Amino acid sequence: MPADGQSHIRIARPSRDLAAAERFWCAGLGLSVVYRVEGGDRAGEHDLLMVGWPDASWHLELVHEAAHPVEPRPTEEDLLVIYLDEPVPEDLVDRLTQHGGTRVTSPNPYWNEWGVTVEDPDGYRLVLCRRGWSNS
């Protein structure tokens, strides 16, 4: 079966602190925990947190391995963009910052004009865009 528009997408990232990441993505943005597993302290064992909207065809996988933690290395161009197709609610931005996010200016003026950029606790950037988008 080939990959197509119905294929589920997993975006995997290392995290320094899964509890902080969960506060940002779930309490802040409103995603749900779709799966969680706690590993141990030995090499190869890791804690895993998957968050997303239950009806979405994608989710974020956040991983932390206590024995060999991987330091997140996001750049200012590593973006997860959510197209809202409406103005970005200030209460949503406030909730994201109250739950560990940091509002930042994007080096790309497009995102500053059309949205709001917030860094998660690991430094990855979420852009809430007031424009809409469709691939069709």
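Computed from a predicted structure; not experimentally measured.

1. Description of the sheet that holds strand S4 (residues 58–64)
In step 1: The strand order S1-S4-S3-S2 describes an open sheet built from 4 strands, whose pairing is mixed. Each having just a single partner strand, strand S1 (9–14) and strand S2 (32–37) make up the two edges of the open sheet. Across the sheet, the mean angle separating the axes of adjacent strands is 20 degrees when strand polarity is ignored.

2. Points about the side chain of Glu-61
In step 1: For Glu-61, the location among the structural elements is in strand S4.
In step 2: Those residues in contact with Glu-61 that sit more than four places away from it in its chain are Arg-10, Ile-11, Ala-12, Arg-13, Leu-48, Leu-49 and Met-50.

3. Examining the packing of aromatic side chains
The geometry of an aromatic ring pair is captured by two quantities: the separation of the ring centres and the angle between the planes.
In step 1: On inspection of all chains with the given rule, the structure shows 5 aromatic pairs.
In step 2: Measuring from centroid to centroid gives 6.5 Å for Tyr-83 and Trp-111, while their planes differ by 55 degrees, and the two rings are tilted. Linking Tyr-83 in strand S5 (residues 79–83) with Trp-111 in helix H3 (residues 109–114), this pair joins segments that are 28 residues apart in sequence.
In step 3: Residue Tyr-83 is classed as partly exposed on the basis of its relative accessible area, which comes to 32%.
In step 4: Seen from their ring centres, Tyr-110 and Trp-111 are 4.9 Å apart, and the 85 degrees between their planes marks the pair as edge-to-face.
In step 5: The class of Tyr-110 is partly exposed, set by a relative accessible area of 32%.
In step 6: A connected cluster of aromatic rings, assembled from ring pairs, spans Tyr-83, Tyr-110, Trp-111 and Trp-133.

4. Notes on the environment of Val-63
In step 1: Structurally, Val-63 is set in strand S4.
In step 2: For Val-63 and Val-93, which are 30 residues apart along the polypeptide, the C-alpha to C-alpha distance reads 25 Å.
In step 3: Discounting chain neighbours no more than four positions away, the residues touching Val-63 are Arg-13, Pro-14, Ser-15, Leu-18, His-46, Asp-47 and Leu-48.

5. Side note on the layout of surface pockets
In step 1: Here the largest pocket is characterised by a volume of approximately 250 Å³.
In step 2: In this structure, the largest pocket is lined by Asp-4, Gly-5, Ser-7, Ile-9, Ile-11, Trp-53, Ser-57, Trp-58, Leu-80, Val-81 and Ile-82.
In step 3: Within the residue set of the lining of the largest pocket, elements represented by two or more residues are S1 and S5.
In step 4: Per-element tally for the lining of the largest pocket: the top contributor is S5, with 3 residues.

6. A closer look at the pairing of S5
In step 1: Side chains Leu-80 and Ile-82 project from S5 onto a buried face, and the interleaved Leu-79, Val-81 and Tyr-83 project onto a face without burial.
In step 2: The pairing of S5 with strand S8 (residues 125–129) spans 5 bridges and is parallel. By the bridge assignment for S8, Leu-80 is matched with Leu-126.

7. Focus on the pattern of salt bridges
In step 1: In the structure shown here, the tally under the stated rule is 6 salt bridges.
In step 2: Notably, a salt bridge pairs Arg-36 with Glu-22, separated by 2.8 Å at the nearest N-O pair. Of the two residues, Arg-36 sits in strand S2 while Glu-22 sits in helix H1 (residues 18–28), which places them 14 residues apart along the sequence.
In step 3: The class for Arg-36 is partly exposed, based on a relative accessible area of 42%.
In step 4: With a relative accessible area of 22%, Glu-22 lands in the partly exposed category.
In step 5: Among the ionic pairs, Glu-119 bridges to Arg-125, the shortest N-O distance being 3.2 Å.
In step 6: Taking relative accessible area as the criterion, Glu-119 reaches 21% and is therefore assigned partly exposed.
In step 7: What you see here is one network of salt bridges that share partners, running through Arg-16, Glu-71 and Asp-122.

What counts, and where the lines are drawn
Residues numbered from 1 in each chain as written. Predicted model: local features only at pLDDT ≥ 70, side-chain atom pairs only at ≥ 80, totals over all residues. Heavy atoms only, no water. Pairing = 2+ DSSP bridges. Helix = DSSP H or I, 4+ residues; strand = E, 2+ residues; numbered from the N terminus. Axes fitted to C-alpha atoms, helices over the stretch in contact; angles between N-to-C directions. Contact = heavy atoms within 4.5 Å. Phe/Tyr/Trp six-rings, centres within 6.5 Å; stacked < 30°, edge-to-face > 60°. Buried < 20%, exposed > 50% of the residue type's maximum accessible area, 1.4 Å probe, protein only. 1 Å grid on protein atoms, 1.4 Å probe; cavity = no way out; pocket = protein on both sides within 12 Å on 5 of 7 lines; lining within 4 Å. Points joined across faces, edges and corners; volume = space filled by probe spheres on them. Salt bridge = Lys/Arg side-chain N within 4 Å of Asp/Glu carboxyl O.

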